Amino acid sequence: MKSSFNWFPEFVLRILAVLCLGFIVLNFWSVYKSYNSVEKNPLFPETLGSYTAFPHFIFILFYIYIVIIIWMYLRSTDIIKRWYKPILSVFFFEFFKMYIYGFLMWINPFG
């Protein structure tokens, strides 16, 4: 008896999309915390909220782009051929995220 795993790529991509949506919510929460901490404490400079929130805005854009790519793969008919590409993009993005964060803080326009 031969088993078929045609459902596996769609299952993995849907889980990855939910995971990316969770990361989007987490980054929005980080942006909220950075601006809220500046408003509560008068000792912090006013631009500190923008300075710490800037990389999270870029990460939100990356995750939205990855979700759009996953959505396009799920709508296509040849999902079996190239379903691993969004997984690799998320893996490499998460692997190099701290380097990207450091670079974004280095070129930060608010600091």
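Residues numbered from 1 in each chain as written. Predicted model: local features only at pLDDT ≥ 70, side-chain atom pairs only at ≥ 80, totals over all residues. Heavy atoms only, no water.

Asks: Give a description of the side chain of lysine 97 that names residues and reports values.
Replies: Here lysine 97 is to be found in helix H5 (residues 97-106). Every residue in contact with lysine 97, bar those within four places of it in the chain, is listed here: Phe59 and Tyr63. (Helix = DSSP H or I, 4+ residues; strand = E, 2+ residues; numbered from the N terminus. Contact = heavy atoms within 4.5 Å.)

Asks: Residue-level account of the nonpolar core, with values.
Replies: In this structure, Cys20, Tyr63 and Ile70 are the most contacted members of the largest nonpolar core, which totals 18 residues. For this core, the secondary-structure elements that each account for two or more residues are helix H1 (8-40), helix H2 (48-75) and helix H4 (84-95). Looking at which element gives the most residues to this core, the answer is H2, with nine residues. When near neighbours in sequence (up to four residues on either side) are disregarded, tyrosine 63 contacts Cys20, Phe23, Ile24, Asn27, Phe93, Glu94 and Lys97. (Core = buried A, V, L, I, M, F, W, Y, C linked by side-chain atoms within 4.5 Å. Buried < 20%, exposed > 50% of the residue type's maximum accessible area, 1.4 Å probe, protein only.)

Asks: Now, about the packing of aromatic side chains: what can you tell me, with residues and values included?
Replies: Remark: the centre distance and the inter-plane angle together describe each pair of aromatic rings, the angle taken between the planes. The full count for this structure, using the stated rule, is 14 aromatic pairs. With 5.2 Å between their ring centres and 25° between their planes, phenylalanine 23 and tyrosine 63 make a pair best called stacked. Pair noted here: phenylalanine 23 is in helix H1 and tyrosine 63 is in helix H2, with a separation of 40 residues, a long-range link. Exposure remark for phenylalanine 23: the relative accessible area of 21% places this residue in the partly exposed category. Residue class for tyrosine 63 comes out buried when judged on its relative accessible area of 0%. Taken together, the ring pairs in this structure connect Phe23, Phe59, Phe62, Tyr63, Phe93 and Tyr101 into an aromatic cluster. Above the face of the phenylalanine 23 ring, lysine 97 is positioned so that its terminal group lies 5.5 Å from the ring centre. Looking at lysine 97, its charged tip hangs above the ring of phenylalanine 59, at a distance of 5.1 Å from the centre. (Phe/Tyr/Trp six-rings, centres within 6.5 Å; stacked < 30°, edge-to-face > 60°. Lys NZ or Arg CZ within 6 Å of the ring centre and 35° of its normal.)

Asks: Give me the lowdown on the side chain of serine 50, citing residues and values where you can.
Replies: In this structure, serine 50 sits in helix H2. Owing to a relative accessible area of 17%, serine 50 belongs among the buried residues under this scheme. Discounting chain neighbours no more than four positions away, the residues touching serine 50 are Tyr35 and Phe110.

Asks: Got a sec to walk through the environment of tryptophan 7? Specific residues and values, please.
Replies: Counting through the fold element by element, tryptophan 7 comes out in the segment before H1. A relative accessible area of 48% means that tryptophan 7 is categorised as partly exposed. Sequence spacing of tryptophan 7 and isoleucine 80 is 73 residues, and the spatial spacing of their C-alpha atoms is 9.2 Å.

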